[in-house]
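Okay, here's what each chain looks like letter by letter:
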Amino acid sequence: MPRSEPIKAVRGVRDILPAEMPVWRAAQAGAAAVARRYGYEEIITPIIEHAELIERVGEDTDAVAKELYRFDDRGGRNLALRPEATAGVVRAYFEGALNQGAQPSRLYLFGPMFRYDRPQKGRYRQFYQFNVEAIGSAAPGLDTEVVELAGDWLNEVGLQDLRLELNTIGDGKCRPPYLERLKEYYRPLKSQLGGDSQLRLERNPLRLLDSKVPQEQPFKNGAPKIIDHLCDECAEHWSSVRRLLDAASIEYQLNPYLVRGLDYYTRTVFEFYPGGATGQQDALASGGRYDGLAEAEGWPSTPGVGFAGGLDRVTELIAAAGSELTTSSPADVLVLPDGELAVEAAEVARICRAVRSVAVDYEAKSLRAKMRSANKLGARWVVLISAEDAARRVAQLREMSTGDQVELAWVELPTRLA
RNA sequence: GUGGCUAUAGCUCAGUUGGCAGAGCACCAGAUUGUGGAUCUGGGUGUCGCGGGUUCAAGUCCCGCUAGCCACCCCA
């Protein structure tokens, strides 16, 4: 008989199976607990946004220029699957009138993001982030707060050996003149740059600094550094952030080549890596200040700061650390009816659900086979019902670990199972 | 988007210079006249990723495609 190919998952996406859920729950529960401890509230925003919202805030970034899932809906609207969460959260902050409440608005969010990237370990086309955003304040204390929150989260889920990299990239006042200096420095070297970097030189020169092309590395050393060209306000902010981090005993490495892929970042930028990181796609959390984002979206100019944590990567590290997290049995009790006793089995299950999680085996299999699956399920008890039992409204309650079995009236089951 | 490696049973994989498709685990049935785990017995459950090509003959060699992994790129 000809068979068609089974339909498999879309490239670059994956299922999080029940066996993996304990680790995911731990990562998310830890994140939510830490966020609430800092006074942050949960928010959920849509996965689809107007493509323009996404494009306005990062047209020169790979995530938007090359990796955006974009489509027209049936009404002709140009939409996109969000590649990151911050643009949508800032939009919701205004649309939901959070800008009229206490400032800053402290928000956290879980959800999937989408980028049309080439799949690789730790890199998926649908991936999950934990986002934290503090919107409506330019205070340097908030830069430090979100860095500390990110670190607390990673520590809380069992990741101790971390590396925090930190930099500042100025703002709309001091960055443009700095970029001119950078271009002036690189223009004479243009012929020695790779093709990608030659394009970046005029379009997004900041990205020249985190180029990993070996022959371009020597040029970085002589390149002007933004830290030497900050405006007074940015310099003041930068020193405040560093002072607050020092006061909090948070260790970090200054990385003058750390820039962000997204254009709306200003001032502070940071990334957390696992301590022994060797690969390139293993940033666990990264973020920074985005004082230019609200305005880029067409809303009143409003400062903000936050970070995005990668749940896919964090859960992978938790699992690799071999923690004690295990799946428990989905049901404490399995009801095994004899023959055609589905009605009675369902009733018994209903009674037992007052005190325990209960499943019913409705399959037309031998009792032996049902017992085997009860064992595999990991049920603590089975409730056996024969036709004769059902007529008398009794059942055989068997404790799987000991094999002890007693006959009980149905109504007695909850007290016995409690 | 670029390059390398890979794709055989539900899973992990073996399959020689091209010559009848295999193992372990899992699964099903039985030993136990319906009561699990241990043991034993029996059962292969497969368009060899897809499509072409070479050949008397292709899982094996060649080409294309798809997917996975790894590196680049980029980021979470």
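Anything mentioned here points back to the structure above.
The notes below deal with the structure included here. (Residues numbered from 1 in each chain as written. Chains lettered and ligands numbered in written order. Predicted model: local features only at pLDDT ≥ 70, side-chain atom pairs only at ≥ 80, totals over all residues. Heavy atoms only, no water.)

1. Some remarks on the side chain of Gln129
Considering the arrangement of structural elements, one finds Gln129 in strand β6 (residues 126-135). When neighbours within four sequence positions are excluded, Gln129 is seen to be in contact with Glu84, Ala85, Leu109, Phe110, Gly111, Met113, Arg115, Ala308, Gly309 and Leu311. (Helix = DSSP H or I, 4+ residues; strand = E, 2+ residues; numbered from the N terminus. Contact = heavy atoms within 4.5 Å.)

2. Some points on the pairing of strand β4 (residues 78-81)
One ladder, built from three bridges, connects strand β2 (residues 48-50) with β4; its direction is antiparallel. Note on β4: the bridge partner recorded for His50 is Leu79. The pairing of strand β3 (residues 69-72) with β4 spans four bridges and is classified as antiparallel. Each bridged residue has a counterpart across the sheet, and for Phe71 the counterpart in β4 is Leu79. Hairpin geometry of β3 and β4 is characterised by an intervening segment of five residues between the two adjacent antiparallel strands and by a positive phi of about 85° at Gly76. (Pairing = 2+ DSSP bridges.)

3. A short note on the pattern of salt bridges
According to the stated counting rule, one finds 19 salt bridges in the structure shown. Close ionic contact of Arg106 with Glu145 constitutes a salt bridge, the shortest N to O distance being 2.8 Å. In this pair, Arg106 sits in strand β5 (residues 105-114) while Glu145 sits in helix α5 (residues 140-156), placing the two residues 39 residues apart along the sequence. Among the residues examined, Glu145 registers a relative accessible area of 16% and is labelled buried. Asp332 serves as the salt-bridge partner of Arg356, at 3.8 Å between the closest nitrogen and oxygen. Note that Arg356 is positioned in the loop between α12 (342-352) and β13 (358-360) and Asp332 in the loop between α11 (311-320) and β12 (333-337), a separation of 24 residues in sequence. Through salt bridges with shared partners, a single ionic network connects Glu49, Arg91 and Glu95. (Salt bridge = Lys/Arg side-chain N within 4 Å of Asp/Glu carboxyl O. Buried < 20%, exposed > 50% of the residue type's maximum accessible area, 1.4 Å probe, protein only.)

4. A few points about the packing of helix α1 (residues 21-37) against α11
Taken N-terminus to C-terminus, the directions of α1 and α11 make an angle of 120°; their axes are 9 Å apart at the nearest point. The angle between α1 and α11 falls in the class oblique. By crossing handedness, the relation of α1 to α11 is classed as right-handed. Where α1 approaches α11, its residues Val23, Trp24, Ala27 and Gln28 are matched on the opposing element by Leu311, Asp312, Val314, Thr315, Ile318 and Ala319. Here the residues of the contact of α1 with α11 sort into seven nonpolar, two polar and one charged. (Axes fitted to C-alpha atoms, helices over the stretch in contact; angles between N-to-C directions. Parallel < 35°, antiparallel > 145°, perpendicular 65-115°, else oblique. Left-handed = near helix turned anticlockwise from the far one by under 90°. Nonpolar A, V, L, I, M, F, W, Y, C, P; charged D, E, K, R; others polar.)

5. Regarding the nonpolar core
In terms of nonpolar packing, the biggest core is built from 81 residues, with Tyr40, Phe130, Trp153, Tyr186, Phe307 and Val314 touching the most fellow members. In this structure, Phe307 is in contact with Phe130, Asn131, Val132, Glu133, Val146, Leu149, Ala150, Trp153, Phe270, Ala285, Ser286 and Gly287, ignoring residues within four places of it in sequence. (Core = buried A, V, L, I, M, F, W, Y, C linked by side-chain atoms within 4.5 Å.)

6. What about the sheet that holds β4?
Read across the open sheet, the three strands follow the order β2-β4-β3; overall the sheet is antiparallel. Because the sheet does not close on itself, it has two edges, and the strands there are β2 and β3. The sheet shows a mean angle of 35° between the axes of neighbouring strands, direction not considered.

7. Remarks on the side chain of Asp117
Considering the arrangement of structural elements, one finds Asp117 in the loop between β5 and β6. Residues contacting Asp117, with those up to four places away along its chain left out, are Glu67, Arg123 and Arg125.

8. Quick word on the environment of Ala294
Here Ala294 is to be found in helix α10 (residues 293-296). Among the residues examined, Ala294 registers a relative accessible area of 2% and is labelled buried. In the structure, Ala294 is positioned 158 residues away from Gly136 in sequence and 9.9 Å away in space, judged by C-alpha atoms.

9. Some details on empty space enclosed by the protein
Considering all chains together, one arrives at one cavity of 30 Å³ or more under this definition. The computed volume of the largest cavity comes to approximately 40 Å³. (1 Å grid on protein atoms, 1.4 Å probe; cavity = no way out; pocket = protein on both sides within 12 Å on 5 of 7 lines; lining within 4 Å. Points joined across faces, edges and corners; volume = space filled by probe spheres on them.)

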